Amino acid sequence: MTDNVNHPPHYNQGNIECLDAIESALTESEYIGHLKANILKYIWRLNLKGEPIENAEKANFYLSRLIYKLGDENLIAYVKRRDANG
């Protein structure tokens, strides 16, 4: 079964998924901006294009990645503060 939300086949080339290539090409800040823009895009078009539930699921996909990424940043910042304070 094709998963058009989490791993759409049209965003893959070989073993590389487009979103992974984008993350590698951008700075951390730029990538977070990319995730935020996609969340906004799918919420914006919720009832205007395609199926609303699929748009909501796509927004949630990007939101989940954003939460994970922010969690990583918070953990890194915590470790740096902890290490700096001895």
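Higher on the page you've got the structure.
Conventions and cut-offs
Residues numbered from 1 in each chain as written. Predicted model: local features only at pLDDT ≥ 70, side-chain atom pairs only at ≥ 80, totals over all residues. Heavy atoms only, no water. Phe/Tyr/Trp six-rings, centres within 6.5 Å; stacked < 30°, edge-to-face > 60°. Helix = DSSP H or I, 4+ residues; strand = E, 2+ residues; numbered from the N terminus. Buried < 20%, exposed > 50% of the residue type's maximum accessible area, 1.4 Å probe, protein only. Salt bridge = Lys/Arg side-chain N within 4 Å of Asp/Glu carboxyl O. Contact = heavy atoms within 4.5 Å. Core = buried A, V, L, I, M, F, W, Y, C linked by side-chain atoms within 4.5 Å.

**What about the packing of aromatic side chains?**
In this description, an aromatic ring pair is defined by two values, namely the gap between the centres and the angle between the planes.
Then step 1. Under the definition given, this model contains two aromatic pairs.
Then step 2. Relative to tyrosine 62, the ring of tyrosine 42 lies with its centre 6.0 Å away and its plane at 10°, an arrangement referred to as stacked. Here tyrosine 42, found in helix α2 (residues 28-44), pairs with tyrosine 62, found in helix α3 (residues 52-84); they are 20 residues apart in sequence, far enough to count as distant.
Then step 3. With centroids separated by 5.1 Å and ring planes inclined at 85°, the aromatic side chains of phenylalanine 61 and tyrosine 62 adopt a geometry described as edge-to-face.
Then step 4. The exposure class assigned to tyrosine 62 is buried, which follows from its relative accessible area of 13%.
Then step 5. What links up through ring pairs into an aromatic cluster is the set Tyr42, Phe61 and Tyr62.

**Some words on the pattern of salt bridges**
Then step 1. On inspection of all chains with the given rule, the structure shows five salt bridges.
Then step 2. A salt bridge links arginine 65 to glutamate 23; its shortest N-O distance comes to 3.7 Å. Taken as a pair, arginine 65 in helix α3 and glutamate 23 in helix α1 (residues 18-25) lie far apart in primary sequence, 42 residues in all.
Then step 3. Between glutamate 28 and lysine 69 there is a salt bridge; the shortest N-O distance is 3.6 Å. With glutamate 28 in helix α2 and lysine 69 in helix α3, this residue pair connects regions lying 41 residues apart in the sequence.

**Considerations on the environment of proline 52**
Then step 1. Along the chain, proline 52 turns up in helix α3.
Then step 2. Beyond its immediate sequence surroundings of up to four residues, proline 52 is in contact with Leu46 and Asn47.

**Structural notes on the nonpolar core**
Then step 1. One finds Leu19, Tyr31, Ile32, Leu35, Ile39, Tyr42, Ala59, Phe61, Tyr62 and Leu66 forming the largest nonpolar core, which totals 10 residues.
Then step 2. Mapped onto this core, the elements with two or more residues apiece are α2 and α3.
Then step 3. By residue number, the principal contributor to this core is α2, which donates five residues.

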